[in-house]
Amino acid sequence: MSAKITIIGTGYVGLVTGACFAEIGHKVICVDCDEAKVKLLKSGGIPIYEPGLEDLVKSNVSEGRLAFTSSTQEGVEKSDIIFIAVPTPPQLDGSVDLAFIERVAREIAGAMTCYKVIVDKSTVPVKTGEKVSETISRYCKAKVEFDIVSNPEFLREGFAVDDLMKPDRIVIGVQSQRPVQVMKEVYLPFNAPILVTDIHSAELIKHAANSFLALKISYINAISVICEATGANIQEVANGMGMDERIGRRFLDASLGFGGSCFPKDLSAFIKISEQLGYDFKLLKEVQTINAFQMERFIKKITDTLWVLKDKTIGVLGLAFKQNTDDVRMSPALDLCHRLEKEGAKLRVFDPKAMEKAKAVLPNATYVEEMNLVPDGCDALVIATEWPVFKKLDLERARKVMTCPIMFDGRNLFDPREMESLGWIYKSIGR
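The model shown is predicted, which means the values in this text are computed figures rather than measured ones.

1. Re the overall build of the protein chain
Piece 1. Looking only at helices and strands, one finds 16 helices and 14 strands in the protein chain.
Piece 2. Since a compact globule built from 431 residues should have a radius of gyration of about 22 Å, the 23 Å found for the protein chain is in line with a globular shape.
Piece 3. With respect to the three principal axes, the spread of C-alpha positions in the protein chain is 75 × 50 × 40 Å.
Piece 4. Buried positions account for 53% of the 431 residues belonging to the protein chain.
Piece 5. Taking contacts inside the protein chain between residues at least 6 apart in sequence as the whole, the part at least 24 apart equals 72%.
Piece 6. Split by element, the accessible area of the protein chain, about 19,400 Å² in all, is 54% carbon and sulfur.
Piece 7. Taking the 54 positively charged and 58 negatively charged side chains of the protein chain as two groups, their mean positions are separated by 1 Å.

Rendered as structure tokens:
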């Protein structure tokens, strides 16, 4: 069954959701207040890099199932189901800025003339659905009926299209049973388990899930410290832990720590939400502390080895916060670069997709267009993002063109024994 759907917001979540909904046959309108972005999308351009997304957008636009507009009025009038997928940025105290959500709720209210299902896709604090409902009731002059649904997203940047097309579960939080069948029909073609909950539980699920995944990352990073102190291998420890089906292997890779636009923000928000509800979530505060400490330890490895960083040239492979994306928001790689520059180091950097976006926040680095040219004249090389292509680095050439063949591997991409046999001074994490 084809549904008429409007997605308000064309960021990672909104654009991927809209394109995938169109791909399975729904009629989709994507709305964004940014006229320039809408113009770009209409012309066939894509404002973000996400594997597979560009082809999906182009094919569904050409087939007439996907359209773009800057008019919320148009989107609401032409659709029966309205998804809200606008940003919910963090505030200084860690809480979530809900101004975009509130503004969109008022715009929807002003455009409604008949029953609509309004779906919150943005990651929001628990009880936001109640506020959206109150706002629409207050500003809707037509006084028509509507339902608010919480439908959290579980998309990983870099794998978002596959995650949406092949979801492991779909969560639908409702205040009444009226929109349940409509939402089930929207997601029926995805052939995934559907969990119907009350709206408060659905809103909590996303924050609880992301906080738990962040906890796993900090846990294995804490274990990596013990491994280094004892001569154990963190990858072997993680493999042994991951074979326990109660634990699983995913998110047990020691690294520079988590970053990006989701985990740090959602973790801070969940801590703040808990405080507002009267609970001091000390466990999650420690997750934040461990994550920050992991970067400090890595910087110390570099300074302990190179001694003085001033006027040293350091090559950095990776600027995005993770592989398969051009997103540099809260990227551990960029945090590392800023810290190295603060110590006086000169940087030669490369990333397969994120260099243009990185230039706005890391203007003083030398951007190199080819991975194998980064080591030229460097005193050390750093692996900061887990792009698989970095495993294909020409190690022999790099060793010859560097002042000294030193590598700090923040993603454990190479084998320590092999690196040492090739003549490298090699430092990784937890090994």
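Now that the structure has been shown, the text picks up again.
2. Some words on the state of the cysteines
Piece 1. Throughout the structure, instances matching the rule amount to zero disulfides.
Piece 2. Counting only cysteine sulfurs, Cys 114 is the nearest neighbor of Cys 140, a cysteine outside any disulfide, at a range of 9.8 Å.
Piece 3. Of the residues examined, Cys 140 reaches a relative accessible area of 2% and is grouped as buried.

3. A closer look at the pattern of salt bridges
Piece 1. This model, assessed by the stated rule, comprises 30 salt bridges.
Piece 2. Here Lys 37 and Asp 32 are joined by a salt bridge, their closest N and O atoms 3.9 Å apart.
Piece 3. Across the pair Glu 145 and Arg 178 runs a salt bridge, and its minimum N-O distance is 2.6 Å. Separated by 33 residues along the polypeptide, Glu 145 in the loop between α6 (128–139) and β6 (146–150) and Arg 178 in the loop between β7 (170–174) and α8 (180–187) bring together distant segments of the chain.
Piece 4. Classification of Glu 145 as exposed rests on a relative accessible area of 53%.
Piece 5. Since its relative accessible area comes to 45%, Arg 178 is described here as partly exposed.
Piece 6. Members of the salt-bridge network, linked through shared partners, are Asp 93, Lys 272, Glu 275, Asp 280 and Lys 285.

4. What to know about unusual backbone geometry
Piece 1. The backbone of Asn 191 sits at a positive phi, close to 55 degrees, despite the residue not being glycine.
Piece 2. The backbone phi angle of Met 330 is positive, close to 50 degrees, even though this residue is not glycine.
Piece 3. Inspection of the secondary structure puts Met 330 in the loop between β9 (313–317) and α13 (332–342).

5. Section: the packing of helix α11 (residues 263–276) against helix α12 (residues 282–306)
What describes two packed helices is the angle between their axes and the distance between those same axes.
Piece 1. For the pair α11 and α12, interaxial distance at closest approach is 9 Å and the crossing angle is 155 degrees. Classed by the angle they form, the pair α11 and α12 counts as roughly antiparallel. The chirality of how α11 crosses α12 is left-handed. In this structure, α11 contributes Leu 267, Ser 268, Phe 270, Ile 271 and Glu 275 to the contact, and α12 contributes Leu 284, Lys 285, Val 287 and Gln 288.

6. Considering the side chain of Asp 351
Piece 1. Along the chain, the position of Asp 351 falls in the loop between β10 (346–350) and α14 (355–359).
Piece 2. Buried and without a salt bridge, Asp 351 has Lys 353 as its closest oppositely charged side chain, separated by 8.7 Å.
Piece 3. Within the local environment of Asp 351, its side chain forms a polar contact with the backbone nitrogen of Leu 319, the two atoms lying 2.7 Å apart.
Piece 4. Separated by 2.9 Å, the side chain of Asp 351 and the backbone nitrogen of Lys 353 make a polar contact.

7. Focus: the sheet that holds strand β1 (residues 4–8)
Piece 1. Spatial strand order, β3-β2-β1-β4-β5-β6-β7-β8: eight strands in an open sheet with mixed pairing. Of all strands in the sheet, those bounded by a partner on one side alone are β3 (66–69) and β8 (194–198). Going from strand to strand, the sheet's axes swing by 25 degrees on average, the running direction of each strand aside.
Piece 2. The sheet contact formed by β6 and β7 spans two bridges and is antiparallel. Across the sheet, the residue bridging to Ser 150 is Gly 173, located in β7.

8. Quick word on the environment of Ser 268
Piece 1. Among the structural elements, Ser 268 can be located in helix α11.
Piece 2. Take Ser 268: its relative accessible area is 21%, and that puts it in the partly exposed class.
Piece 3. Excluding anything up to four places from it in sequence, Ser 268 contacts Gly 94 and Gln 288.

9. So, the sheet that holds strand β11 (residues 366–367)
Piece 1. Pairing is parallel in the open sheet, where six strands are placed in the order β11-β10-β9-β12-β13-β14. Strand pairing shows two members of the sheet lacking a second neighbour, β11 and β14 (425–427), which therefore form its edges.
Piece 2. The pairing of β9 with β10 spans five bridges and is parallel. By the bridge assignment, Thr 313 is partnered in β10 with Lys 346.
Piece 3. Helix-sheet contacts for α12 involve β9, β12 (380–383), β13 (406–409) and β14, and the interaxial angle to β13 is about 170 degrees.
Piece 4. Its contacts with the sheet put α13 on β9, β10 and β12, and the angle it makes with β10 is roughly 160 degrees.

10. Let's talk about α12
Piece 1. Between its first and last C-alpha atoms α12 spans 36 Å; for 25 residues at 1.5 Å apiece the expected length is 36 Å, and the two agree.
Piece 2. Buried within α12 are the following residues: Leu 284, Val 287, Asn 291, Gln 294, Met 295, Phe 298, Ile 299, Lys 301, Ile 302 and Leu 306.
Piece 3. Taken together, the buried residues of α12 touch α9 (199–230), α11, β9, α13, β12 and β13.
Piece 4. Directly after α12, the chain includes Trp 307, whose backbone phi takes a positive value near 70 degrees.

What counts and what doesn't
- Residues numbered from 1 in each chain as written.
- Predicted model: local features only at pLDDT ≥ 70, side-chain atom pairs only at ≥ 80, totals over all residues.
- Heavy atoms only, no water.
- Helix = DSSP H or I, 4+ residues; strand = E, 2+ residues; numbered from the N terminus.
- Rg over C-alpha atoms; globule rule 2.2 N^0.38 Å.
- Buried < 20%, exposed > 50% of the residue type's maximum accessible area, 1.4 Å probe, protein only.
- Contact = heavy atoms within 4.5 Å.
- Areas by Shrake-Rupley, 256 points an atom, 1.4 Å probe, with all protein chains shown as cover.
- Lys, Arg positive; Asp, Glu negative; His and termini not counted.
- Charge placed at Lys NZ, Arg CZ, Asp CG, Glu CD.
- Disulfide = S-S within 2.5 Å.
- Salt bridge = Lys/Arg side-chain N within 4 Å of Asp/Glu carboxyl O.
- Axes fitted to C-alpha atoms, helices over the stretch in contact; angles between N-to-C directions.
- Parallel < 35°, antiparallel > 145°, perpendicular 65-115°, else oblique.
- Left-handed = near helix turned anticlockwise from the far one by under 90°.
- Polar contact = N/O pair within 3.5 Å; in protein donor to acceptor, adjacent residues only side chain to side chain.
- Pairing = 2+ DSSP bridges.
- Expected span 1.5 Å × (residues − 1).

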